[in-house]
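An overview of the molecular structure
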Amino acid sequence: MSSPIARAAAWLRGALRSLLPVAVYRLLAHEIRSLHSLALWVLRRRHQIPDGALAVAYTGPQTAMMYGMLFVSVVETVALAMVIPWPAVHAVLLVIDVYGVVLILALHAACVVRPHVVGSDGSVRVRYGALFDLRVPAAAIATARVDRRYPDGRLVRVSTDGVLGLAVGSQTTVTVELTEPVKFVRPLGAEGFARTLRFHADDPREAVAALTRVRTDAG
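Keep in mind it's a predicted model, so treat the numbers as computed, not measured. (Residues numbered from 1 in each chain as written. Predicted model: local features only at pLDDT ≥ 70, side-chain atom pairs only at ≥ 80, totals over all residues. Heavy atoms only, no water.)

As a further point, take the overall build of the protein chain. A count of helices and strands for the protein chain gives 5 helices and 9 strands. Ordered by position from the N terminus, the helices and strands of the protein chain form the series α-α-β-α-α-β-β-β-β-β-β-β-β-α. Once the C-alpha set of the protein chain is aligned to its principal axes, its extents read approximately 70 × 45 × 35 Å. Among the 219 residues that make up the protein chain, the fraction classed as buried is 37%. When contacts within the protein chain are restricted to residue pairs at least 6 apart in sequence, long-range pairs at least 24 apart make up 68% of them. If you sum the accessible surface of the protein chain, you get close to 12,600 Å²; carbon and sulfur atoms cover 64% of it. Mean positive and mean negative side-chain charge positions of the protein chain (24 and 16 charges, respectively) differ by 4 Å. (Helix = DSSP H or I, 4+ residues; strand = E, 2+ residues; numbered from the N terminus. Buried < 20%, exposed > 50% of the residue type's maximum accessible area, 1.4 Å probe, protein only. Contact = heavy atoms within 4.5 Å. Areas by Shrake-Rupley, 256 points an atom, 1.4 Å probe, with all protein chains shown as cover. Lys, Arg positive; Asp, Glu negative; His and termini not counted. Charge placed at Lys NZ, Arg CZ, Asp CG, Glu CD.)

In structure tokens, the structure reads:
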């Protein structure tokens, strides 16, 4: 039986979903999950890593950039505090700037505490922070291999032949061929299908070994 807090949260989610455009609702949900991830990061916890599963980190290529953005945001906050003479304007901008700093930390924290997950059954959960989450059952995975690529463009790319790329720092290191198309949801709510997945793992050999171990043992 669900608790009153869980029921209230479910009611609030339903109300917001019905009142807000899909893209706005999903952006708000991403932001809330990112802030929750920041709390998990502070507590040194990770999000939904089952027993026996392998957590696959992917933040390596972007860590320096994220901390660079954080440094620039802090410098900007201090600079504005020194040059703006109007207390009311200064207070408003200070709140906005501090929240911006917190949000940058939250976005990075979400990627740290929400790694990819290779299950003990050979399934895989491909994630990017609170923005993207795709679960692929073991039965849908045909092969996995280390495959370093440097795509251009957005975080999520889908080619006309059904290749879904989830790049970090403009690179992917693992390619997973599927036995059948799987459905995925883009960060703003659009849906699509993919027959091949390409994503980044900081240690691609470990990820591929974990993905192929169950199939090798079964064979």
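Additional details are given in the paragraphs that follow.
A few words on helix α4 (residues 87-113). Helix length check: α4 (27 residues) gives 38 Å between terminal C-alpha atoms against 39 Å at 1.5 Å per residue, within 8%. Of all the residues in α4, the buried ones are D97, V101, I104, A106, H108, A109, A110, C111 and V113. (Expected span 1.5 Å × (residues − 1).)

This next bit is on the sheet that holds strand β9 (residues 191-199). The strand order across the open sheet built from 5 strands is β5-β8-β9-β7-β6, with neighbouring strands paired in mixed fashion. A single partner strand is all that each edge strand has here, and the edge strands are β5 (141-149) and β6 (156-158). Here the average twist between neighbouring strands, direction ignored, is 35 degrees. Taken together, the 6 bridges between β5 and strand β8 (residues 172-185) define a ladder with antiparallel strand orientation. Bridged to T143 within β8 is E177. (Pairing = 2+ DSSP bridges. Axes fitted to C-alpha atoms, helices over the stretch in contact; angles between N-to-C directions.)

Relative to β9, β8 is paired through 8 bridges, and the arrangement is antiparallel. Note on β9: the bridge partner recorded for F184 is G192. Counting the residues that bridge the hairpin from β8 to β9 gives 5 residues, and of these G189 lies at a positive phi of roughly 110 degrees.

Approximately 280 Å³ is the volume attributed to the second largest pocket. Lining the second largest pocket are 20 residues, and of these Q62, M65, M66, Y128 and L155 lie nearest its centre. Mapped by element, the contributors of at least two residues to the lining of the second largest pocket are α3 (63-83) and α4. The element best represented in the lining of the second largest pocket is α4, accounting for 4 residues. (1 Å grid on protein atoms, 1.4 Å probe; cavity = no way out; pocket = protein on both sides within 12 Å on 5 of 7 lines; lining within 4 Å. Points joined across faces, edges and corners; volume = space filled by probe spheres on them.)

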